[in-house]
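# Residue-level structure breakdown
Okay, here's what each chain looks like letter by letter:
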Amino acid sequence: MNNMKYYNESLAYDFEMFMPRKAESEQANIVKIPKSKTSSHQSQRKAVKAMSVSAFAVMTAVFMLAALCTNIGLRLEINEVNDQINDIKSEINMLDSVQTELEVEYDRRISYSNLELAATELGMSKRTKDQVRYIRVNDTNAALTKDGVVVNATE
């Protein structure tokens, strides 16, 4: 590579760019904003920010109050339903006891001793041995009816 052609030319460099700047030139470029405008603008920003914070606080309070009221309302409904459930359970227990009472009364009325007592009051008595008739069946599984007809088990 031939870099010599760049060095043969005479270039002018501005070395002042690399030198430290003067204090006067720095102050000349700075523009000062009056404090009255900045403070009023900042105070407006602070007021808007305070307003938004207070609006957020109010909205949060309203939301929390609504949630609290909803919670109380739901708890009231739950208590009412629980009261209804307890009333129905007590009715079920009462009806179970009535059913048990009726079953005991039924068993008492149809007990064997009561039936026997009622039968003797009506003039009934137990069978004696002479009132019992036995039927003898032969090996052919046939029976003779009152009319004299023989009936087989296969018919």
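Quick caveat: nothing in here was measured; it's all calculated off a predicted structure. (Residues numbered from 1 in each chain as written. Predicted model: local features only at pLDDT ≥ 70, side-chain atom pairs only at ≥ 80, totals over all residues. Heavy atoms only, no water.)

### A closer look at the overall build of the protein
- The helix and strand inventory of the protein stands at four helices and two strands.
- Each helix (α) and strand (β) of the protein, taken in turn from the N terminus, gives the series α-α-α-α-β-β.
- Per-residue burial over the protein gives 1% buried out of 155 residues.
- Of the roughly 16100 Å² that the protein leaves accessible, carbon and sulfur atoms contribute 60%. (Helix = DSSP H or I, 4+ residues; strand = E, 2+ residues; numbered from the N terminus. Buried < 20%, exposed > 50% of the residue type's maximum accessible area, 1.4 Å probe, protein only. Areas by Shrake-Rupley, 256 points an atom, 1.4 Å probe, with all protein chains shown as cover.)

### Concerning the pattern of salt bridges
- Inspection of every chain in the model, using the stated rule, returns three salt bridges.
- One salt bridge connects glutamate 105 with arginine 108, and the closest N-O pair in it is separated by 2.5 Å. Here glutamate 105 pairs with arginine 108, and both are found in helix H3 (residues 35-109), just three residues apart, close to one helical turn.
- With relative accessibility at 28%, the residue glutamate 105 sits in the partly exposed group.
- Among the residues examined, arginine 108 registers a relative accessible area of 46% and is labelled partly exposed.
- Members of the salt-bridge network, linked through shared partners, are Glu105, Arg108 and Arg109. (Salt bridge = Lys/Arg side-chain N within 4 Å of Asp/Glu carboxyl O.)

### Considering a negative patch on the surface
- Negative charge collects at one region of the surface, where Glu77, Glu80, Asp83, Asp87 and Glu91 lie side by side.
- Of note, aspartate 83 is situated in helix H3.
- Look at aspartate 83 and you get partly exposed, because its relative accessible area is 47%. (Patch = residues over 30% accessible without salt bridge, like charges linked within 9 Å, V, L, I, M, F, W, Y side chains within 5 Å. Lys, Arg positive; Asp, Glu negative; His and termini not counted. Charge placed at Lys NZ, Arg CZ, Asp CG, Glu CD.)

### Examining a nonpolar patch on the surface
- The grouping of Leu65, Leu68, Ile72 and Leu76 at the surface amounts to a nonpolar patch, some 400 Å² of accessible area in total.
- Turning to its location among the elements, leucine 65 is positioned in helix H3.

### Here we look at the confidence of the model for the protein
- Chain-level pLDDT for the protein is 80 on average; 72% of the residues reach the 70-or-more range.
- The element-level mean pLDDT for the protein is lowest in helix H1 (residues 4-8), coming to 54, with H3 highest at 89. (pLDDT = per-residue confidence, 0-100.)

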